[in-house]
Amino acid sequence: MLDQQISTFYFFTFPVDCLRRHKIEKYNNMSAVRGEFSSRFGFIMAAAGSAVGLGNIWGFPTQTASNGGAAFLIAYLVLAFFLAYPALMAELMIGRHGQANAVSSLRKISNKPWQKHFSFAVGFGGILCAGFILSFYAIVAGWMLSATVEPITTLVGANSASAWLGEQSLSRNIIFTMIFIVLTVAIISRGVENGIEKWSKRLMPALLSILFALIIYVMTQDGAIEGLKAYLVPDFSSVFDANLLVSALGQAFFSLSLGTSVMIIYGSYISKKENLVSLGAYVTLIDVFIAFVAGLLIIPAMYVAQAQGIEIFSPTTGKLLSEDTLVFQVLPALFDGMGGMGLFVGFAFFALMSIAALTSSISMLEAPVSYTVERFAMSRLQATWVIGALITLVSITIVCNLELLFGLVITLTTKVAQPLLGLMCCIYVGWIWSRGSLLKAIQEGNPEVHNTLFWKVWPWYTKFVCPLAIGLVFLHSLLS
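Residues numbered from 1 in each chain as written. Predicted model: local features only at pLDDT ≥ 70, side-chain atom pairs only at ≥ 80, totals over all residues. Heavy atoms only, no water.

Named according to an unreviewed UniProt entry, the protein is Neurotransmitter:Na+ symporter, NSS family originating from Pseudoalteromonas nigrifaciens.

Draft legend 1. Quick look at the overall build of the protein. When helices and strands are counted, the protein shows 20 helices and 0 strands. Looking at the protein residue by residue over its 480 residues, the buried ones come to 55%. By sequence separation, contacts in the protein at least 24 residues apart represent 82% of the contacts at least 6 residues apart. Within the structure as shown, the protein displays about 20,000 Å² of accessible surface, and the carbon and sulfur contribution to it stands at 67%. (Helix = DSSP H or I, 4+ residues; strand = E, 2+ residues; numbered from the N terminus. Buried < 20%, exposed > 50% of the residue type's maximum accessible area, 1.4 Å probe, protein only. Contact = heavy atoms within 4.5 Å. Areas by Shrake-Rupley, 256 points an atom, 1.4 Å probe, with all protein chains shown as cover.)

Draft legend 2. Spatial organisation of the confidence of the model for the protein. The share of residues in the protein with pLDDT of 70 or more is 84%, and the mean pLDDT across the chain is 80. The element-level mean pLDDT for the protein is lowest in helix H1 (residues 8-13), coming to 33, with helix H17 (residues 380-400) highest at 95. (pLDDT = per-residue confidence, 0-100.)

Draft legend 3. Structural view of the side chain of Ser361. Its location among the elements puts Ser361 in helix H16 (residues 340-376). Among the polar contacts listed, one links the side chain of Ser361 to the backbone oxygen of Leu358, at a separation of 3.1 Å. Beyond its immediate sequence surroundings of up to four residues, Ser361 is in contact with Leu134, Phe180 and Thr184. (Polar contact = N/O pair within 3.5 Å; in protein donor to acceptor, adjacent residues only side chain to side chain.)

Draft legend 4. Broad picture of H16. With 37 residues, H16 extends 54 Å from end C-alpha to end C-alpha; this agrees with the ideal 54 Å at 1.5 Å per step. Along its length, H16 shows its largest kink, about 30 degrees, at Glu366, and proline Pro368 lies within four residues downstream of that point. Burial analysis of H16 places 30 of its 37 residues in the buried class, the great majority of the element. In the segment just after H16, Ala377 is the residue with positive phi, at about 55 degrees. (Expected span 1.5 Å × (residues − 1). Bend = angle between axes of the 7 residues up to and from the residue.)

Draft legend 5. Spotlight on the environment of Leu438. Topologically, Leu438 is positioned in helix H19 (residues 435-443). Considering only alpha carbons, one finds Leu438 and Met93, 345 residues apart in sequence, at a separation of 8.4 Å. When sequence neighbours within four positions are dropped, the list of residues in contact with Leu438 reads Met93, Val429, Trp433 and Trp458.

Draft legend 6. Just unusual backbone geometry, in detail. At Gln99, a residue that is not glycine, the phi angle is positive and equals roughly 50 degrees. Structurally, Gln99 can be placed in the loop between helix H5 (70-98) and helix H6 (102-108). In the Ramachandran plot, Ala377 falls in the positive-phi region, its phi being about 55 degrees despite a non-glycine side chain. With respect to the element layout, Ala377 can be found in the loop between H16 and H17.

Draft legend 7. How the structure looks around the state of the cysteines. Tallying each qualifying case throughout the model produces 0 disulfides. Sulfur of Cys426: no disulfide; nearest cysteine sulfur belongs to Cys466 and is 4.7 Å away. Residue class for Cys466 comes out buried when judged on its relative accessible area of 0%. (Disulfide = S-S within 2.5 Å.)

Draft legend 8. Focus on a nonpolar patch on the surface. A cluster of nonpolar residues, Ile152, Leu155, Val156, Met341, Phe344 and Phe347, forms a patch on the protein surface that exposes about 600 Å² of accessible area. It is H16 that provides the largest number of residues to the nonpolar patch, a total of 3 residues. Mapping Val156 onto the fold places it in the loop between helix H7 (113-155) and helix H8 (159-166). Looking at Val156, the relative accessible area reads 64%, which means it is exposed. (Patch = residues over 30% accessible without salt bridge, like charges linked within 9 Å, V, L, I, M, F, W, Y side chains within 5 Å. Salt bridge = Lys/Arg side-chain N within 4 Å of Asp/Glu carboxyl O.)

Draft legend 9. Examining the pattern of salt bridges more closely. Applying the stated criterion to the full structure yields 1 salt bridge. Where Arg380 meets Glu366, a salt bridge forms, and the shortest distance between an N and an O atom there is 2.9 Å. Here the residue Arg380 occupies a position in helix H17, and Glu366 occupies one in helix H16, the gap between them amounting to 14 residues. Glu366 gets classed as buried once you look at its relative accessible area, which sits at 0%.

Here it is, written out as structure tokens:
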């Protein structure tokens with residue numbers, strides 16, 4: 001659908017009929033060269049990579065440790081499939097039907113003028129949300145990169161470099177933030193198949209390999225079995241605690257990158273011959289599986305550190321200490337207690353975290369890049385570097401005002417914008433998209449879907465249950 005947001009400058013500079021012909025030609029050319037995932041495996045790795053990030057590798061285990069251990073795990077697993085998967089399917093369905101950026105895809109399912117204008121707010125809001133998330137995400141990822149390099153400098157005896165890498169200095173934060181953004185830009189600039197898909201196929205297996213190797217090592221240490229019991233043996237009395245359920249609901253929602261236009265974009269790169277229902281299920285399964293496996297590493301590692309005399313839980317409240325910064329406080333101390341082996345384990349762990357960050361960051365950058373390429377007819381290379389430069393400026397601004405802006409940007413994007421935008425996507429699918437067109441979109445690539453439970457349940461489930469549940473997460477986020 002042609003973009004009708006014509007700026008005043010263009011309106012007065014060119015005749016209207018010439019402008020329309022120019023935009024039609026531009027749109028057709030962009031559609032003709034638009035990228036697409038070359039295989040099911042490529043899409044699954046890319047979408048799972050988007051979902052699996054620092055929040056999944058570190059956020060899920062720490063939330064589990066803070067919210068009843070195995071009870072939280074049970075609630076998360078249930079809600080991931082009963083809320084996150086249907087919402088994920090809504091975004092993927094919008095994207096594949098539209099075969100365009102988030103704004104244009106939402107407009108294609110809009111029938112009335114006010115809906116088309118509102119689609120711009122929702123789609124562009126998701127693009128902005130992804131950009132701002134990447135701006136603070138790059139800072140944290142920069143910390144991970146510096147922590148990855150630190151064991152190497154220690155091993156070669158570069159003590160001054162090790163000290164610089166381990167401190168929270170402005171120069172270190174800016175340099176490693178910029179390095180991480182350049183890595184992300186380099187991947188995205190190569191396009192869908194040669195960039196996103198190619199590197200997701202490499203990074204995701206590497207992430208899993210390091211994750212399992214670390215689990216095997218940690219399980220041989222004193223205290224690991226106690227941590228395993230805390231993670232896997234539930235206290236059923238707390239499973240239905242209201243705060244625990246809402247926290248698990250939020251984690252399930254955020255872990256799949258919902259509400260940032262990312263999955264709409266990835267859905268637009270899926271061939272209409274593919275079975276979207278099964279693809280979405282695979283992505284959800286992989287996301288949940290890696291979160292579960294991350295818990296097998298982090299929670300036993302906490303108890304190993306505790307067995308070595310490092311304080312993990314408050315002696316008075318029993319709550320996890322320093323949840324947000326524990327990864328930079330407890331684990332380095334744990335690695336130091338391992339002697340020479342600790343250098344290698346520390347390197348492997350922070351390399352794992354850096355890979356997890358990169359698989360998510362490439363999807364976040366793709367959201368604004370795809371819109372810029374299609375809206376302004378820019379080359380992918382040019383658009384990627386322009387957007388990358390803008391995000392770098394925002395990141396540096398946050399770094400220079402870390403105490404003031406860092407927490408504020410995180411709160412506005414993850415606690416306010418994401419659930420609200422995700423809610424809007426479910427409303428679009430359930431209430432704005434015509435039912436006949438929606439059912440036809442579900443059947444694409446899977447003509448026998450009408451015989452399945454998904455066909456019978458998902459449309460009304462997305463219409464009523466998902467908005468209500470996501471609205472609950474949104475209200476809880478505002479009140480917490």
